[in-house]
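So the chains spell out like this:
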There are 2 protein chains.
Amino acid sequence: MRLLASTDFALRVLMRLAAEPTARPMSVEALARDLGGLSRNHLHKIVQDLAALGAVRTVRGAGGGVRLAAPPEALSVGALIRRLEGDQPIVECFRADAGTCTLSPGCRLRGFLRDAREDFYRRLDGQTVADCLPAPRAPAGAIAGAG
Amino acid sequence: MRLLASTDFALRVLMRLAAEPTARPMSVEALARDLGGLSRNHLHKIVQDLAALGAVRTVRGAGGGVRLAAPPEALSVGALIRRLEGDQPIVECFRADAGTCTLSPGCRLRGFLRDAREDFYRRLDGQTVADCLPAPRAPAGAIAGAG
């Protein structure tokens, strides 16, 4: 079972932005560097998709870049993956343009796979981008052990 | 989220064999025809994989072909998919040869996705190839409504 490469990268973009200790937007160049070998063109497309979902905001001009549009604690991994994966079929034969399969009429595998996918998403609904990070984020300016 | 095309076809091969009303093995040609546009080479590879898993048997010679190695009620969809999908990573960045991502150390998304995948498989563990067919199979020679 695989997620789309673009879903993987989108989650990593959000995690990287969530891990950013400064309030400044990150440049696409810095994101590409930190996420290991992602092309700028691919990253631009992913940022556009995340902006369309309301997960990030892009800031133009000097010091511009990308930043989260919501606190990472408010970004559900399950909700994000559902939307990033869209309605692509789990298996090839569920495509509308798939070849004719004599099993299609009354095939019950389709429903079983959909139920299973829902279980997959449901498990992730309770996880947020903040949960994916290695350690709890300290508020800006906070000192460990204080306040 | 997608399964491998080969997993999709392997399940369909098993479903087609389970739906076969005769006890005779099916030829690869007949399977390819019924499953809609699958190449013979691809199908041969899938049959080999299914034989290695103990799900089908190939019969040589005249009247030979492929048949189920176990009753379809004994073939768990979840167990089959776990083995057919193997240990391929859910997302690209989990590959051992993936580029360096600065999020990797301590990334908790990995564990969340594995747990979610386990939920996906678990839902299918209780379903069998027989369950995937449109209607209950009648025993050979049975007459609807009788005994």
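Residues numbered from 1 in each chain as written. Chains lettered and ligands numbered in written order. Predicted model: local features only at pLDDT ≥ 70, side-chain atom pairs only at ≥ 80, totals over all residues. Heavy atoms only, no water.

1. A word on the pattern of salt bridges
The condition is simple: Put simply, a salt bridge is a Lys or Arg side-chain nitrogen that is within 4 Å of an Asp or Glu carboxyl oxygen. Segments assigned H or I by DSSP are reported as helices when at least four residues long, segments assigned E as strands when at least two residues long, and all are numbered from the N terminus. Here the term buried applies to any residue with accessible area under 20% of the maximum for its type, exposed to any over 50%, and partly exposed to those in between, with areas from a 1.4 Å probe on protein chains only.
For the structure on display, the rule yields 24 salt bridges over all chains. Taking the shortest distance from any N to any O, the salt bridge between Asp 49 of chain A and Lys 45 of chain A comes out at 2.9 Å. Taken together, the positions of Asp 49 of chain A and Lys 45 of chain A, both in helix α3 (residues 40–52) and 4 residues apart, correspond to about one turn of that helix. Residue class for Asp 49 of chain A comes out partly exposed when judged on its relative accessible area of 29%. Notably, a salt bridge pairs Asp 34 of chain B with Arg 33 of chain B, separated by 3.3 Å at the nearest N-O pair. The exposure class assigned to Arg 33 of chain B is exposed, which follows from its relative accessible area of 59%. One network of salt bridges, with partners in common, ties together Arg 82, Asp 115, Glu 118, Asp 119, Arg 122 and Asp 125 of chain A together with Arg 123 of chain B.

2. Comments concerning the packing of helix α1 (residues 5–19) of chain A against helix α4 (residues 77–85) of chain A
Residue and element names in this part refer to chain A. Quick reminder of the rule: Where helices are involved, their axes are fitted lines through C-alpha atoms of the stretch in contact, as for all axes, and angles between N-to-C directions lie from 0 to 180°. Roughly parallel refers to an angle under 35 degrees, roughly antiparallel to one over 145, roughly perpendicular to one between 65 and 115, and oblique to any angle outside these ranges. In this scheme, a crossing is called left-handed if the near helix is turned counterclockwise away from the far one by less than a right angle; it is called right-handed if the turn is clockwise. Residue contacts are defined here by distance: any two heavy atoms, one from each residue, within 4.5 Å place the two residues in contact.
At their nearest, the axes of α1 and α4 sit 10 Å apart, and the two run at 140 degrees to each other. The orientation of α1 relative to α4 falls into the category oblique. Our pair here, α1 against α4, has a crossing hand that is right-handed. Mapping the contact onto sequence places Thr 7, Ala 10, Leu 11 and Leu 14 in α1 and Val 77, Leu 80, Ile 81, Leu 84 and Glu 85 in α4.

3. Comments concerning the interface of chain B and chain A
For clarity, the cut-off: The term buried area denotes the loss of accessible surface (1.4 Å probe radius) that occurs when two parts are joined, taken as the sum for both partners. N or O atoms within 3.5 Å of each other form a polar contact, as long as, within protein, one can give a hydrogen and the other can take it, and as long as residues adjacent in sequence are counted only when both atoms are side-chain atoms.
Residue-level contacts link 46 residues of chain B with 47 residues of chain A. Together chain B and chain A conceal approximately 4500 Å² of surface at their shared face, both sides included; 63% is due to carbon and sulfur atoms. Of all residues in chain B, the largest losses of buried area upon contact with chain A belong to Met 1, Arg 2 and Leu 103 of chain B, amounting jointly to 20% of the total for that side. Notably, a salt bridge pairs Arg 123 of chain B with Asp 115 of chain A, separated by 3.9 Å at the nearest N-O pair. Across the contact surface, chain B and chain A share 11 residue pairs in polar contact (both at pLDDT 80 or more). Contributing elements (two or more residues each) for the side of chain B that touches chain A: α1 (5–19), α4 (77–85), α5 (109–125) and α6 (129–132) of chain B. Broken down by element, the residue count for the side of chain B that touches chain A peaks at 11 residues, all from α5 of chain B.

4. Section: the nonpolar core
Put simply, the rule reads: We call a set of buried Ala, Val, Leu, Ile, Met, Phe, Trp, Tyr and Cys residues a nonpolar core when their side-chain atoms join them within 4.5 Å.
By size, the foremost hydrophobic cluster in this structure holds 92 residues, and its most contacted members are Leu 50, Leu 113 and Phe 120 of chain A together with Leu 50, Leu 113 and Phe 120 of chain B. Excluding residues within four positions of it along the chain, Leu 50 of chain A makes contact with Ala 10, Val 13, Leu 14, Ala 55, Val 56 and Leu 84 of chain A.

5. Remarks on the environment of Val 47 of chain A
All names here are of chain A. Tracing the chain through its elements places Val 47 in helix α3. In this structure the C-alpha to C-alpha distance between Val 47 and Ala 18, which are 29 residues apart in sequence, comes to 14 Å. Beyond its immediate sequence surroundings of up to four residues, Val 47 is in contact with Val 56, Thr 58 and Val 66.

6. Describing the confidence of the model for chain A
Residue and element names in this part refer to chain A. So the rule is basically this: Values of pLDDT, the confidence the predictor places in each residue, fall between 0 and 100.
Considering every residue of chain A, the mean pLDDT works out to 86; 86% of them sit at 70 or more. No element of chain A has a lower mean pLDDT than helix α2 (residues 28–34), which averages 89, and none a higher one than α4, which averages 96. Predicted complex, confidence summary: ipTM 0.85, pTM 0.84.

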